[in-house]
Amino acid sequence: MKGVKISIITFFIVVFLLIIMLLNAGPPKPIVLSEGKKITVLQGTYCWSKFTGSECVDKISPSTIIDNNKIVPFPVSPQSEIKINFKKQPIDEIEVEMEHLGESKKIKVEGNVFSAPNEKGKYIYIVSSRWDKGSSSYIFTIEVK
């Protein structure tokens, strides 16, 4: 009888902790694919409401984040399709900005898909969007071969 009570109490504690963890989860991380392969994505700047309050984190520049994490650019073919998937869809359109050779440019995204550039080189992408609980940006890098 005592073992059953302990099991029930343990079960409710675990359920309670799981609920708290879910309510305190941060922004949804995207899955970015090209040519059927997953590209490494890093968290950028975000503001997010959690059960314990709101949190805003202002990150360093995208290129510095890539360098500090020692991310190798993902190799792609010219004009390869790049697809961005979120488990929880944003309430606004996904915005994508590309950085290359010190310049940045907004990229047209249709149906969460855009194309890699034609020109060979390394490119950094910043993906941004907004959800009910806040907004977030993500960073990844490719190299057109």
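Fair warning: this is a prediction, and the values are worked out from it, not measured in the lab.

1. Remarks on the overall build of the protein
Here comes step 1: When you go through the protein residue by residue, the secondary structure sums to two helices and eleven strands.
Here comes step 2: From first element to last, N terminus to C terminus, the protein shows the α and β order α-β-β-β-β-α-β-β-β-β-β-β-β.
Here comes step 3: Across the 145 residues in the protein, those meeting the buried criterion constitute 35%.
Here comes step 4: Across the protein, contacts joining residues at least 24 apart in sequence account for 66% of those joining residues at least 6 apart.
Here comes step 5: For the protein, the computed accessible surface area is about 9400 Å², with 57% contributed by carbon and sulfur atoms.

2. Brief notes about the environment of Y125
Here comes step 1: Among the secondary structure elements, Y125 is positioned in strand 10 (residues 121-131).
Here comes step 2: For Y125 and E99, which are 26 residues apart along the polypeptide, the C-alpha to C-alpha distance reads 6.3 Å.
Here comes step 3: If sequence neighbours within four positions are ignored, Y125 has contacts with V96, E97, M98, I107, F114, A116, P117, Y138, I139, F140 and I142.

3. Considerations on the sheet that holds strand 1 (residues 31-34)
Here comes step 1: Across the sheet, four strands lie side by side as 2-1-6-9; this open sheet has antiparallel pairing. Only two strands of the sheet have a single neighbouring strand rather than two, namely strand 2 (37-39) and strand 9 (113-115). Taking the axes of each pair of neighbouring strands and ignoring which way they run, one obtains an average angle of 30° across the sheet.
Here comes step 2: With three bridges joining them, strand 6 (residues 81-85) and strand 9 adopt antiparallel strand pairing. Each bridged residue has a counterpart across the sheet, and for I82 the counterpart in strand 9 is F114.

4. Remarks on the pattern of salt bridges
Here comes step 1: Tallying each qualifying case throughout the model produces four salt bridges.
Here comes step 2: K50 is the partner of E55 in a salt bridge, and the nearest nitrogen-oxygen pair spans 3.0 Å.
Here comes step 3: A salt bridge links R130 to D92, with the shortest nitrogen-to-oxygen separation between them at 2.6 Å. Of this pair, R130 sits in strand 10 while D92 sits in the loop between strand 6 and strand 7 (95-100); the two residues are 38 residues apart in sequence, bridging distant segments of the chain.
Here comes step 4: Overall, D92 belongs to the partly exposed group, its relative accessible area being 34%.

5. A short note on unusual backbone geometry
Here comes step 1: Although it is not a glycine, L101 adopts a positive phi angle of roughly 50°.
Here comes step 2: Relative to the assigned elements, L101 resides in the loop between strand 7 and strand 8 (103-107).
Here comes step 3: L101 sits in the exposed class, given a relative accessible area of 75%.
Here comes step 4: For N112, which is not glycine, the phi dihedral falls at a positive 65°.
Here comes step 5: Assignment of secondary structure puts N112 in the loop between strand 8 and strand 9.
Here comes step 6: You can call N112 buried: its relative accessible area is 18%.

6. Focus: the confidence of the model for the protein
Here comes step 1: Per-residue confidence for the protein averages 87 on the pLDDT scale, and 84% of its residues sit at or above 70.
Here comes step 2: With pLDDT under 50 throughout, residues 14-24 is counted as low confidence; its partners more than four residues away or in other chains account for seven contacts.

7. Structural notes on the pairing of strand 7
Here comes step 1: Residue alternation in strand 7 divides its side chains into a buried set, V96, M98 and H100, and an unburied set, E95, E97 and E99.
Here comes step 2: Relative to strand 10, strand 7 is paired through five bridges, and the arrangement is antiparallel. By the bridge assignment for strand 10, E95 is matched with S128.
Here comes step 3: In textbook terms, the turn of a hairpin is the stretch between consecutive antiparallel strands, and for strand 7 and strand 8 this stretch comprises two residues, one of which, L101, has a positive phi near 50°.

Analysis parameters
Residues take numbers from 1 onward in each chain, read along the sequence in its written order. Local features in this predicted model are restricted to residues whose pLDDT is 70 or higher, and side-chain atom pairs enter the listing and the counts only when it is 80 or higher, whereas totals over whole chains, interfaces and linings include all residues. To obtain the side-chain values, all non-hydrogen atoms of the structure were included, while hydrogens and water were left out. Here a strand is any run of E in DSSP of at least two residues, a helix any run of H or I of at least four, and the numbering for each starts at the N terminus. Relative accessibility decides the category of a residue: with a 1.4 Å probe and only protein chains considered, values under 20% of the type maximum give buried, values over 50% give exposed, and everything between is partly exposed. In this analysis, two residues are considered to be in contact whenever any of their non-hydrogen atoms come within 4.5 Å of each other. Only the protein chains shown count as cover for residues, and the accessible areas themselves come from Shrake-Rupley with a 1.4 Å probe. A pair of strands is considered paired only if DSSP assigns at least 2 bridges between the two. Note on definitions: angles span 0 to 180 degrees between N-to-C directions of axes, and those axes are lines fitted to C-alpha atoms, for helices only across the stretch in contact. Within this document, salt bridges are pairs made up of a side-chain nitrogen of Lys or Arg and a carboxyl oxygen of Asp or Glu, the two lying within 4 Å of each other. The predictor attaches a confidence to each residue, called pLDDT, with possible values from 0 through 100.

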